[in-house]
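# What the coordinates show
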Amino acid sequence: MTFHHLMLFLHVLAVTAWVGGMAFAWGCLRPALGALAPAQRLALWAAVLGRFFLLVWVAIVLLLLSGSAMLMEVGFARAPAAWHAMTFTGLVMIAVFLSIWFGPWRSLQQAVRVEDWARGAIAMNRIRQRVAFNLALGVVTIAAATLGLAF
């Protein structure tokens, strides 16, 4: 095993956790929770997202470290165009996550704490929209990483 292979493993592991978690939350958990009352649904979302967002922070650190290490191996100027696309979309995904973390996620936590279900629903809807965008961007990033290397 080389250093590059270790970095690639960590990179793919982090992408799998982040994008896979978003796919599960958006495509499976969200529709299933629709049957619950707002108090139950929003409290469960707050608990689930609290755990998932910690995983996303770990994924971001792994992605930045492993991606930077692999990029430094070849040099930014000599890196394939797909790597540049991946870097760009990955940085946008991080920015979107930060907008969730410092925006509607804080609002959701506070709303659940004080049982303000209307405000919690607004925050959750904003999170849902941004996660949908990030999920789509994650798929584009994976396509750039795999299909883009063929060009």
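Below: a short report on this structure. These numbers come from a predicted model, not from an experiment.

## Regarding the pattern of salt bridges
Applying the stated criterion to the full structure yields one salt bridge. Here Arg-119 ties to Asp-116 by a salt bridge, and the two come within 3.8 Å at their closest N and O atoms. Among the residues examined, Arg-119 registers a relative accessible area of 32% and is labelled partly exposed. Using a relative accessible area of 28% as the deciding quantity, one classes Asp-116 as partly exposed.

## Concerning a nonpolar patch on the surface
The grouping of Met-1, Leu-6, Phe-9 and Leu-13 at the surface amounts to a nonpolar patch, some 460 Å² of accessible area in total. Within the secondary structure layout, Met-1 lies in the segment before helix 1 (3-33).

## Here's the deal with the nonpolar core
When a protein is soluble and globular, its nonpolar side chains tend to lie buried together. Within the largest apolar cluster, 32 residues are counted, with the highest numbers of intra-cluster contacts made by Trp-18, Met-22, Leu-49, Phe-53, Trp-105, Leu-108 and Ile-127. Only helix 1, helix 2 (38-74), helix 3 (81-101), helix 4 (104-114) and helix 5 (117-146) provide two or more residues apiece to this core. Take this core: its biggest share by element is 10 residues, from helix 2. Excluding anything up to four places from it in sequence, Leu-108 contacts Leu-42, Ala-46, Leu-49, Gly-120, Ala-123, Met-124 and Ile-127.

Calculation rules
- Residues numbered from 1 in each chain as written.
- Predicted model: local features only at pLDDT ≥ 70, side-chain atom pairs only at ≥ 80, totals over all residues.
- Heavy atoms only, no water.
- Salt bridge = Lys/Arg side-chain N within 4 Å of Asp/Glu carboxyl O.
- Buried < 20%, exposed > 50% of the residue type's maximum accessible area, 1.4 Å probe, protein only.
- Patch = residues over 30% accessible without salt bridge, like charges linked within 9 Å, V, L, I, M, F, W, Y side chains within 5 Å.
- Areas by Shrake-Rupley, 256 points an atom, 1.4 Å probe, with all protein chains shown as cover.
- Helix = DSSP H or I, 4+ residues; strand = E, 2+ residues; numbered from the N terminus.
- Core = buried A, V, L, I, M, F, W, Y, C linked by side-chain atoms within 4.5 Å.
- Contact = heavy atoms within 4.5 Å.

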